[in-house]
Amino acid sequence: MSQASTSENSGLMSKALKEALFAGAMAFGLFLLYVGIETYQNINNQLVWRTRWGLLAIFVIVAAVSRFIVVAFVKPHLDKRKLAKAKAGVPEVSDEQGFFHKHFLKIALVALLVYPIVSVMLAGTQGSLKYVDNFGIQILIYVMLAWGLNIVVGLAGLLDLGYVAFYAVGAYSYALLSEHFGLSFWLLLPLSGILAAFWGIILGFPVLRLRGDYLAIVTLAFGEIIRLVLINWTDVTKGTFGISGIPKASFFGIWSFDVGAANNFTKAWGLSMSSAYYKIFLFYLILALCMLTAYVSIKLRRMPIGRAWEALREDEIACRSLGINTVTTKLTAFAIGAMFGGFAGAFFATRQGFVSPESFVFLESAVILAIVVLGGMGSLTGIAIAAVVMVGGTELLREMEFLKHVFGPDFTPELYRMLLFGLAMITVMVFKPRGLVGSRQPTAFLKERKAVSGSFTKEGHG
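Per-chain numbering applies: the sequence of each chain, read as written, is numbered from 1 onward. Given that this is a predicted model, residues contribute local features only at a pLDDT of at least 70 and side-chain atom pairs are listed and counted only at 80 or more, while totals for whole chains, interfaces and linings are drawn from all residues. Hydrogen atoms and water are omitted, and side-chain values are computed over all heavy atoms in the structure.

Draft legend 1. Here's a closer look at the overall build of the protein chain. To qualify as a helix, a DSSP run of H or I must reach at least 4 residues; to qualify as a strand, a run of E must reach at least 2; elements of each kind are numbered from the N terminus. Across its full length, the protein chain carries 17 helices and six strands. For the exposure calls, accessible area comes from a 1.4 Å probe over protein chains only, and a residue counts as buried if that area is under 20% of its type's maximum, exposed if over 50%, partly exposed in between. A burial count over the protein chain gives 42% of its 462 residues as buried. Of the roughly 24900 Å² of accessible surface on the protein chain, a fraction of 67% belongs to carbon and sulfur atoms. Only the protein chains shown count as cover for residues, and all accessible areas are computed by the Shrake-Rupley method using a 1.4 Å probe.

Now the structure itself:
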C-alpha cells in the first residue's frame, strides 16, 4: 500500500471519527429531554421525573456508530461505484429495464389482490383481521390521500399544508348525510367527493395570486379553520364527541354486513360470523379507489390540463406568457385533488363507524405531504412505496416487543413512531434528495421518450 493511500485512509478515519463524535453530541442534545428524562405521576398524583441514562446512552452510541460507518465505509464505497460507472460511460438513467422493474406494477397488483386470501390462509379468518385492516387498508388509505395530494403538490407545484381539511369534509359529509337522510354508501361516496371538490374550489380562489410560503400558510390556516369548525359547531358535528353509529357499506346494495340484517352477507353464504369478511370487502374497495385515483392521475397528466399543471409547477410566469389560464389551472388542481381526499374521507368514515376532529389534525397533513415528498413528487410508484414504508413501518412498531429486551421493559415502541419517522425522512432526504424515485418520463417529448435523471430536474420535482 502506497504512502499516499495510507495517508488518505488515515485522513478518512480521522474525519469519520470527528463526524461520529459530532453526531453523538447532537444526539445527546436532542434526546436528553425526550429520552433521558421521563415524567410520570406518582401514587399521590404528583408529576415527578426520573432519569434514563442507560437508554440515552444507547441512542447516542447508535447515532455515533452509524455516522462513523456511513462516513468511513458507506460513502466512499458509493463514490467509488459512481466514479467507476462514470469512467465506464454507464449512463445515470438507462432505458434498459430488468424483468422485475419492467413488470413491477403488475406484480404489485397481483400481490395486493391475493394479500387478503394469503392472510386468511396463514392466520385464519379472525387472525387475518389485523393484517388486512391495520396494514392493508390503513396503508391504502394513505396511498390514495398521497396520490390525491400529488396532483396539487407534485404536478401543479402548489404547496398545500391543509389537505386533511378535504379528508375531513368527505368523512363528515358521509357521516352527516347518512345519519340525517339515510342515504347509502354508494350514493354518498361520489357525493362526498363532489362536496370536497367544491371546498377545494373555495380554497383555490383566495390563493390564486399566492405562491411558495404564502400559499402554504393560507392552506395551513384553511385546514385549521375546518378543524375548529368541526369542534365548535356542536349542533351539527357534535364537537369533540364526534359522530358514531355510521352505517357500514353494503355489498353493492345486494348484501348487508350488519349482523341483524335479513340479507346479511355471512348468513347468505353460510359463513361463520366474523367482522373479517367486512374488512376484506373494504380492502378490495379501497384498492379499487386507489386504482381509480392512479388511472385518473395518469390520464389527466397526459392531457393538456396535466401539461398545464407541469408548466405551472416549473415557472408560473412562463406559463402565463404561453397563454395558459393559470386561474383555471390552479382551480382544477385544487378541485381534483380535494375530490380524491373526499373519497378517502368517506371511506374512512364507513370503515371506522365513527369520526371526530381528532382524526383530522395538522399532523395528518404533514404525514401525507411527507409521503409525497419522500416518494418523489409526480411519481405514483415512488409515493406508494413511501406510504408502505412509512405507514407500514409505524404499524410494525406495535409488533416489535423484542425491543423491550434491548431498551428495557418500560420501553413502548409505538410512542417513538414519530421519532423513527423523522429519522427515516432525514435518511431518505440525505441519500435520495429527490425522493425514492429520482427519475421520471416527461409527458411531452420530441420524437423519442427518454427517462429524465433527477440531476437535470428542479430540486424535489424529479
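On we go from here.
Draft legend 2. Region of the structure containing the packing of aromatic side chains. Any Phe, Tyr or Trp ring, taking Trp's six-membered ring, that has another such ring centre within 6.5 Å forms a pair; planes under 30 degrees apart are called stacked, those over 60 apart edge-to-face, and the others tilted. This structure, assessed with the given rule, holds 22 aromatic pairs. Summarising the aromatic geometry, the rings of F283 and Y284 are spaced 5.6 Å apart at their centres and angled 85 degrees between planes, so their arrangement reads as edge-to-face. Classification of Y284 as partly exposed rests on a relative accessible area of 28%. Each residue in the set Y174, F185, W186, F251, F252, W255, F257, Y278 and F281 is aromatic and connected to the rest through ring pairs, giving one cluster.

Draft legend 3. Focus on the pattern of salt bridges. Salt bridge criterion: a side-chain nitrogen from Lys or Arg within 4 Å of a carboxyl oxygen from Asp or Glu. Per the counting criterion, the structure on display carries twelve salt bridges. Between D133 and K279 there is a salt bridge; the shortest N-O distance is 3.7 Å. A residue pair is termed long-range when its members are at least 10 positions apart, and D133 in helix α4 (residues 104–155) and K279 in helix α10 (residues 276–302) qualify at 146 residues. Owing to a relative accessible area of 13%, K279 belongs among the buried residues under this scheme. Between E224 and R227 there is a salt bridge, with the nearest N and O atoms lying 2.9 Å from each other. Taken together, the residues span about one helical turn, with E224 and R227 both in helix α7 (residues 212–232) at a distance of three residues. When salt bridges with common partners are traced through the structure, they connect E38, R50 and R52 into a single cluster.

Draft legend 4. Structural view of the packing of α10 against helix α11 (residues 304–314). At a closest axis distance of 4 Å, the pairing of α10 and α11 adopts a crossing angle of 80 degrees. Relative to α11, α10 is oriented roughly perpendicular. Here α10 contributes L300, R301 and R302 to the contact with α11, which in turn contributes P304, I305, G306, R307, W309 and E310. Classifying every residue of the contact of α10 with α11 gives four nonpolar, one polar and four charged. Here, axes are lines fitted to C-alpha atoms. For helices the fit covers the stretch in contact, and angles between N-to-C directions go from 0 to 180 degrees. For classification, angles of less than 35 degrees are called roughly parallel, those exceeding 145 degrees roughly antiparallel, those between 65 and 115 degrees roughly perpendicular, and all remaining angles oblique. Here, residues are in contact when the closest pair of their heavy atoms is within 4.5 Å. Amino acids are sorted into nonpolar (Ala, Val, Leu, Ile, Met, Phe, Trp, Tyr, Cys and Pro), charged (Asp, Glu, Lys and Arg) and polar (every other residue, Gly among them).

Draft legend 5. Region of interest: the pairing of strand β1 (residues 37–41). Two strands pair when backbone bridges link them, and β1 and strand β2 (residues 47–51) are joined in this way by five bridges, in the antiparallel orientation. Each bridged residue has a counterpart across the sheet, and for Q41 the counterpart in β2 is L47. A loop of five residues connects β1 with β2, the two strands running antiparallel in sequence, and N45 in this loop sits at a positive phi of about 60 degrees. Paired strands are those between which DSSP finds at least two bridges.

Draft legend 6. Looking closely at the nonpolar core. We call a set of buried Ala, Val, Leu, Ile, Met, Phe, Trp, Tyr and Cys residues a nonpolar core when their side-chain atoms join them within 4.5 Å. In terms of nonpolar packing, the biggest core is built from 94 residues, with V355 and I371 touching the most fellow members. Per element, the largest residue contribution to this core is 16 residues, and it comes from α4. When neighbours within four sequence positions are excluded, V355 is seen to be in contact with A171, Y172, A175, G242, I243, I246, F348 and A349. Counting residues in each nonpolar core, the second largest holds nine residues, with V35, L55, L56 and L419 among its members.

Draft legend 7. Spotlight on helix α17 (residues 417–431). Take the number of residues in a helix, subtract one, and multiply by 1.5 Å to get its expected span. For α17, with 15 residues, the first-to-last C-alpha span of 21 Å sits near the 21 Å given by 1.5 Å per residue. The set of residues buried in α17 consists of L419, F421 and V428.

Draft legend 8. Here's a closer look at unusual backbone geometry. The phi angle at K238 is positive, at roughly 65 degrees, despite the residue not being glycine. On the basis of relative accessibility, which here comes to 37%, the residue K238 falls in the partly exposed class.

Draft legend 9. Just the confidence of the model for the protein chain, in detail. On average, residues of the protein chain carry a pLDDT of 83, and 87% of them reach 70 or more. Per residue, pLDDT captures the predictor's confidence, and it can take any value from 0 to 100. Low confidence marks residues 454–462, where pLDDT is under 50. Its contacts with residues over four positions away, or in another chain, come to 24 contacts.

Draft legend 10. Representation of the side chain of T237. Position of T237 relative to the elements: it lies in helix α8 (residues 234–237). From its side chain, T237 meets the backbone oxygen of W233 in a polar contact 2.8 Å long. Sequence-distant contacts of T237, that is, excluding residues within four places in its chain, are made with Y172, V229, L230, G242 and I243. Counting of polar contacts relies on pairs of N or O atoms within 3.5 Å, with two restrictions inside protein: one atom must be capable of donating a hydrogen and the other of accepting it, and residues adjacent in sequence are counted only when both atoms are side-chain atoms.

Draft legend 11. Representation of the packing of helix α6 (residues 185–204) against helix α13 (residues 326–352). Across the interface, α6 lies against α13 with an axial gap of 7 Å and an inter-helix angle of 140 degrees. If you check the angle between α6 and α13, you find them oblique. For the pair α6 and α13, the sense of crossing is right-handed. Contacts between α6 and α13 pair F185, L189, P190, S192, G193, A196, A197, G200, I201, L203 and G204 from the former with L331, F334, A335, A338, M339, G342, F343, A346 and T350 from the latter. Broken down by class, the residue content of the contact of α6 with α13 amounts to 14 nonpolar, six polar and no charged. For a crossing to be left-handed, the near helix must be turned anticlockwise from the far one by less than a right angle; the clockwise case is right-handed.

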